[in-house]
Amino acid sequence: MESLTSSPVCNLGIFMSLDDDTVQEILQSYDGFCAAAKSLLHGSVDLSVRHDFVSHVHTLCKHGLHSLVRDYFLRSLEEAFENNGASRFWLHFEDYSKIEEDLEKIDEDEIQRVLCKALEELCLVKENQEKCLLILVHALQSYMENLSDGKHNFDSEKVYLFSKYQLIVSSILMANLPRHFPEVLHWYFKGRLEELSTIMGGEFNEENECGGRDEMDLDEKSKYGTGEMDIDECYSQDKFSETNRLVRNIGKVVRDLRNLGFTSMTEDAYASAIFLLLKAKVHNLAGDDYRSSVLDSIKGWIEAVPLQFLNALLAYLGDSISFDQHSSGLKSPLASQPSSCYSGTNTPSEGLIRWKLRLEYFAYETLQDLRIAKLFEIIVDYPESSLAIEDLKQCLEYTGQHSKLVESFISALRYRLLTAGASTNDILHQYVSTIKALRTIDPAGVFLEAVGEPIRDYLRGRKDTIKCIVTMLTDGTSGNPNGSGNSGDSLLEELNRDEENQENIGVDDDFNTDDKQAWIDAQRWEPDPVEADPSKGSRNRRKVDILGMIVGIIGSKDQLVNEYRVMLAEKLLNKSDYDIDSEIRTLELLKIHFGESSMQKCEIMLNDLIDSKRTNTNIKATINKTSQIESAETGISLDNLDATIISSNFWPPIQDEALIIPEPVDQLLSDYARRFHEIKTPRKLLWKKNLGTVKLELQFEDKAMQFTVAPIHAAIIIQFQDQTSWTSKNLAAATGIPVDVLNRRISFWISKGVLTESLGTDPGDHVFTLVEGMVDNSKNNANTVNCEELLAGDEEVERSVASVEDQLRKEMTVYEKFIMGMLTNFGSMALDRIHNTLKMFCVADPPYDKSLQQLQSFLSGLVSEEKLELRDGMYFLKK
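Residues numbered from 1 in each chain as written. Predicted model: local features only at pLDDT ≥ 70, side-chain atom pairs only at ≥ 80, totals over all residues. Heavy atoms only, no water.

The chain carries the name Anaphase-promoting complex subunit 2 in an unreviewed UniProt entry, which gives Durio zibethinus as its organism. Within the UniProt record for the chain, the comment given under Sequence similarities (unreviewed entry) is "Belongs to the cullin family." (UniProt positions renumbered as here; feature names shortened; annotations may be inferred.)

This next bit is on a nonpolar patch on the surface. On the surface, Ile353, Leu357, Tyr361 and Tyr398 cluster together into a nonpolar patch covering about 340 Å² of accessible area. A total of three residues in the nonpolar patch trace back to one element, the largest contributor, which is helix α12 (residues 350–373). (Patch = residues over 30% accessible without salt bridge, like charges linked within 9 Å, V, L, I, M, F, W, Y side chains within 5 Å. Areas by Shrake-Rupley, 256 points an atom, 1.4 Å probe, with all protein chains shown as cover. Salt bridge = Lys/Arg side-chain N within 4 Å of Asp/Glu carboxyl O. Helix = DSSP H or I, 4+ residues; strand = E, 2+ residues; numbered from the N terminus.)

This part takes up the packing of aromatic side chains. Working definition: an aromatic ring pair is given by the centre-to-centre distance plus the angle between the planes. This structure, assessed with the given rule, holds 21 aromatic pairs. Seen in terms of ring centroids, Tyr30 and Tyr72 are 5.9 Å apart; in terms of plane orientation they differ by 65°. Their pairing is edge-to-face. Taken together, the positions of Tyr30 in helix α1 (residues 20–41) and Tyr72 in helix α3 (residues 66–91) put the pair 42 residues apart, joining distant regions of the chain. Ring centres of Phe181 and Phe262 lie 5.4 Å apart, and the angle between their planes is 45°; on these two criteria the pair is classed as tilted. With a gap of 81 residues between them, Phe181 in helix α6 (residues 181–214) and Phe262 in the loop between α8 (227–259) and α9 (263–286) connect regions that are remote in the sequence. Each of the two residues, Phe181 as well as Phe262, counts as buried. Ring-pair connections join several aromatic residues into one group, and the members of that group are Tyr188, Phe189, Tyr270, Phe275, Trp355 and Phe362. (Phe/Tyr/Trp six-rings, centres within 6.5 Å; stacked < 30°, edge-to-face > 60°. Buried < 20%, exposed > 50% of the residue type's maximum accessible area, 1.4 Å probe, protein only.)

An α-helical segment advances 3.6 residues per turn. Residues three or four places apart therefore align on the same side. Between its first and last C-alpha, helix α11 (residues 306–317) extends 16 Å over 12 residues, near the 16 Å set by a 1.5 Å rise per residue. With 10 of 12 residues buried, α11 is to be regarded as a mostly interior element. (Expected span 1.5 Å × (residues − 1).)

This next bit is on the pairing of strand β8 (residues 868–871). Of the pairings in the sheet, the one linking β8 to strand β9 (residues 874–877) comprises four bridges and is antiparallel in character. Residue pairing across strands places Glu869 opposite Phe876, the latter belonging to β9. What sits between the antiparallel neighbours β8 and β9 is a turn of two residues, in which Asp872 has the positive phi angle 55°. (Pairing = 2+ DSSP bridges.)

The next subject is the environment of Ser408. Inspection of the secondary structure assignment puts Ser408 in helix α15 (residues 402–416). Each C-alpha atom of the pair Ser408 and Leu375 lies 8.8 Å from the other, and the pair is 33 residues apart in sequence.

Below, the discussion takes up the nonpolar core. The biggest cluster of nonpolar side chains holds 96 residues, and the ones touching the most others in it are Phe53, Phe73, Phe93, Leu173, Phe181, Phe189 and Phe309. Considering every element that reaches this core, the biggest residue donor is helix α4 (residues 108–148), with 16 residues. Among all residues touching Phe93, those that are not within four sequence positions of it are Val114, Leu115, Ala118, His180, Phe181 and Val184. (Core = buried A, V, L, I, M, F, W, Y, C linked by side-chain atoms within 4.5 Å. Contact = heavy atoms within 4.5 Å.)

To continue, consider the pairing of strand β2 (residues 704–709). Among the six residues that make up β2, five are buried, leaving the element largely enclosed by the rest of the structure. The hairpin formed by strand β1 (residues 694–699) and β2 contains four residues between the paired strands.

Sheet architecture is open: three strands sit in the order β7-β9-β8, paired in antiparallel fashion. Of all the strands in the sheet, just β7 (828–830) and β8 have a single pairing partner and so form its edges. Taking the axes of each pair of neighbouring strands and ignoring which way they run, one obtains an average angle of 30° across the sheet. In this structure, β7 lies alongside β9, joined through three bridges in antiparallel fashion. In the sheet register, Ala830 faces β9, and the bridge partner there is Met874. Sheet contacts for helix α34 (residues 852–864): β8 and β9; angle to β8, the most-contacted strand, approximately 110°. (Axes fitted to C-alpha atoms, helices over the stretch in contact; angles between N-to-C directions.)

The following block contains the structure:
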């Protein structure tokens, strides 16, 4: 007789050697076996049926038909399960076929009731069939025991039959699986876990608040008696029973689903529910507050809520190792512990560790995506948002998704910052904040290099970029004229940091690093990230230099120094005193970064003011009595005159305008110049009468008004001292300035209500009249109005010094004839070719030393003047 497990196929060849009586016996036993099997599967509990079933199994096995017995019984189980179990099970969920479309109508409690009822019915059917299968297993075992005298191993037969049956169950259910069933499972676990999270989250919040309660004095605690403690204990017991009930219910559903072959689908369902809860928690904690760190709170919630639930669930399902409970009394398996997130465990199970890693990675990735999406706002609030930047840094170190940050932030910059509506100051401030924030995340500067490239390219196309950069370098209010800028954006801060670095470590030069420092640097060396540009070595990214990156926008420090020299000259010429301490401090800081030779002319300009102060004091100290008597007659004293004496060769070109000043003032200037010549022989003064400031007091019948204005405004208004009405032509002739300039400058006095304007007999000649008996609406009872406005002017600010663009235009005028001649000979030329030709042939004094960008700016001016044409990148003579 062959073994029961020898072959799953029945050997029908044995019928050829059997006699008629044996065949008849087999047929009768087979018919009886089929009838008994059918009765068992229909729930018969009659012992005679069971006895007949076992007897027929023995008879068939005796004739070598054990495979036929197994196959028929398993096929009968399959048919019964499909008809009585699976088909009824899926009928419960027909009403949820459109669950994805009717999300608002979902009743999670109803889903729970239907799912639990369906699982209970199906598991009961499966349990009854397993009992029938167990009867077959016992029948086969009893037959083999008699045959082998108890020496045969029957476990393999049981394992084979039950595994075969489990495969049948899973196959039937999967073959008829509705598309909406996974969604039903998802909503079930979502509802139950939200309920559980509410309870456990409350416990987590209470434990976070326990620290403050523990500080209560023992005597103060005793005043509350024991009643409150009893209430707290009852409340804890209620929570304990409620959480245990929920865990048992969820665990039973999970166990039933796994028993039916839905293991993977079930884990996906409750995993997605857990991840949704975690995502909602991260969004709730993170929000739009970037001034606090939330990563620790998120990790604490993970340990206190989902991991505690999973620990209890895995233990309920038998997937977790058992642990000894060291504490007695009532204790919730979900209660978080301050020392470990795994309650009552010495070592967490492997499954729990995997869950912990999955949840932490998902939390890091979710928070990272939130912070990256709001990175623009975070950088706007920097450095107040530095804690959010630290959270983002930790997330990126965990996930390694730096490329996502670069792509998202570049997109945000192009959409929100690099637009025509954004001022250059705002773009520069955001760029500086970006550098400071991203060097926290990426000290090597790899990703900052990629993010900053679009900003640098855009700023190079703005005409006022250099001016704004210089303003940020020299102005403590970050270039914001109203002083409301963020002080952290001022580049003076970086200049100060550079000075401290110079004092601490000296000039940072690769060739001057001693052996000890070189060894320290070698020990700290780390390879560049894979995203690094291979064309730029690590040495270029050794540290993120904000000033270096800002200068890199311009391309040359010479342009920056020239713009600073113009702004410094403008500021010094408009000063009404000799206080230049802040300018000296700024210059010293700039010398550290750009070198002393580059700032030499600026240093001479400041020295001119220092010398002017000393010279001015000496001249006033040596005034003789004759000068004092003459001053008394004219009403103007030399004490009221302060002169700024400059070395014109080292200053930018000064704007010079014709201006006729009153005779007493002109005489005073002559006396001052004569005295200067006596002290500084052979040096002489050449007055720039249109520059400087004048303090005036205009006296009317009932009040006096004080102004601080430019000399041209003073020269205009003083003409009305003797004559109250002037035509524009006559006033222009009296002051020595063109009529168009007069009309523009006199608008200041008209806006202040000092003069009125009317049309004259000649349409092109206006009449200006002094207003008598002025009424000040804001101060009707005051006799004196202090209206001091430094260098008050028109809407268009008049500069004392020629701008860098004007200087460049003047210098490039020399090469205009060369350019016109080249285009006459060659017809058309590209920008590069014009640039290279000028460098090749213009070597005499002055040699051509301009940059390609400067040449392009000059050619653009010629195009605007319609001297040249630009088509497809080629320049032509205008026809």
